[in-house]
Amino acid sequence: MPVYDFAITVRTQYLPEQSHPDRTQHVFTYTITIKNTGSVAAQLISRHWVITDANNKVQEVSGLGVVGHQPLLQPGEQFEYTSGTQLETPQGSMVGEYFFVAEDGHRFEVKIPEFVLSLPHALH
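Since this is a predicted model, take the numbers as computed values, not measurements.

### Observations concerning the overall build of the protein
- Of the regular secondary structure elements, the protein holds zero helices and eight strands.
- Secondary structure elements of the protein occur, N-terminal to C-terminal, as β-β-β-β-β-β-β-β.
- Dimensions along the principal axes, computed over C-alpha positions, put the protein at roughly 55 × 25 × 20 Å.
- In the protein, the proportion of contacts linking residues at least 24 apart, taken out of those at least 6 apart, comes to 66%.
- Carbon and sulfur atoms make up 50% of the accessible area of the protein, which totals about 7000 Å².
- Measuring between centres, the 7 positive side-chain charges of the protein sit 3 Å from its 13 negative side-chain charges.

This is how it looks when you write it as structure tokens:
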């Protein structure tokens with residue numbers, strides 16, 4: 001029986017050289033590793049993000065692929081990419097999902113667990 005499963009890991013970084021706190025611009029990058037932990041090859045088709053800042057301002061972002069790619073991942077393979085976002089506050093969070101099509105035609109989504117964007121040492 002086929003298993004459709006992916007593991008998602010995230011690392012975040014604040015970019016002080018691109019941020020302007022005096023203009024409420026805080027820039028973050030996030031590096032995501034997507035690993036096919038299932039038994040069927042599948043292609044990442046699109047993504048959907050919900051980005052929330054500390055003032056509860058929400059941005060939704062959807063689109064094809066990730067950073068211009070729609071990787072086809074065989075079981076055991078992984079794909080890593082780095083992207084970024086800008087918030088008006090020094091803290092926020094992101095959550096979302098990736099949509100996949102397996103090589104057998106099965107369509108499924110993989111939840112991206114919520115992660116925090118924060119200035120270093122800003123959380124106590």
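### Section: unusual backbone geometry
- We note that Thr24 has phi near 50 degrees; this positive angle belongs to a residue other than glycine.
- Among the structural elements, Thr24 can be located in the loop between strand E1 (6–14) and strand E2 (26–36).
- On the basis of relative accessibility, which here comes to 42%, the residue Thr24 falls in the partly exposed class.
- Although it is not a glycine, Asn56 sits at a positive phi angle of roughly 65 degrees.
- With respect to the helices, strands and loops of the structure, Asn56 is situated in the loop between strand E3 (42–53) and strand E4 (58–64).

### Quick notes on the pattern of salt bridges
- Counted under the stated rule, the structure contains four salt bridges.
- Shared partners join several salt bridges into a network, and the residues in it are Glu97, Glu109 and Lys111.

### A closer look at the nonpolar core
- Counting residues in hydrophobic clusters, the biggest one holds 26 residues, and the most contacted among them are Phe6, Ile32, Ile34, Trp49, Tyr81, Tyr98 and Phe100.
- Those elements that provide at least two residues to this core are E1, E2, E3, strand E6 (78–87), strand E7 (91–102) and strand E8 (107–118).
- Here this core gets five residues from one element, more than from any other, and that element is E8.

### A look at the packing of aromatic side chains
- On inspection of all chains with the given rule, the structure shows ten aromatic pairs.
- One aromatic cluster in this structure is built from Tyr4, Phe6, Phe100 and Phe108.

### Notes on the sheet that holds E6
- The strand order across the open sheet formed by three strands is E1-E2-E6, and the pairing between neighbours is antiparallel. Two strands lie at the open edges of the sheet, namely E1 and E6, each paired on one side alone. Direction aside, neighbouring strands of the sheet carry axes that sit 20 degrees apart on average.
- Alignment of E2 against E6, held across ten bridges, turns out to be antiparallel. Paired with Thr33 across the strands is Glu80, a residue of E6.

### Details of the side chain of Asp53
- Tracing the sequence through the fold places Asp53 in strand E3.
- Of note is the side chain of Asp53, whose polar atom sits 2.9 Å from the backbone nitrogen of Lys57.

Scoring rules and cut-offs
Residues numbered from 1 in each chain as written. Predicted model: local features only at pLDDT ≥ 70, side-chain atom pairs only at ≥ 80, totals over all residues. Heavy atoms only, no water. Helix = DSSP H or I, 4+ residues; strand = E, 2+ residues; numbered from the N terminus. Contact = heavy atoms within 4.5 Å. Areas by Shrake-Rupley, 256 points an atom, 1.4 Å probe, with all protein chains shown as cover. Lys, Arg positive; Asp, Glu negative; His and termini not counted. Charge placed at Lys NZ, Arg CZ, Asp CG, Glu CD. Buried < 20%, exposed > 50% of the residue type's maximum accessible area, 1.4 Å probe, protein only. Salt bridge = Lys/Arg side-chain N within 4 Å of Asp/Glu carboxyl O. Core = buried A, V, L, I, M, F, W, Y, C linked by side-chain atoms within 4.5 Å. Phe/Tyr/Trp six-rings, centres within 6.5 Å; stacked < 30°, edge-to-face > 60°. Pairing = 2+ DSSP bridges. Axes fitted to C-alpha atoms, helices over the stretch in contact; angles between N-to-C directions. Polar contact = N/O pair within 3.5 Å; in protein donor to acceptor, adjacent residues only side chain to side chain.

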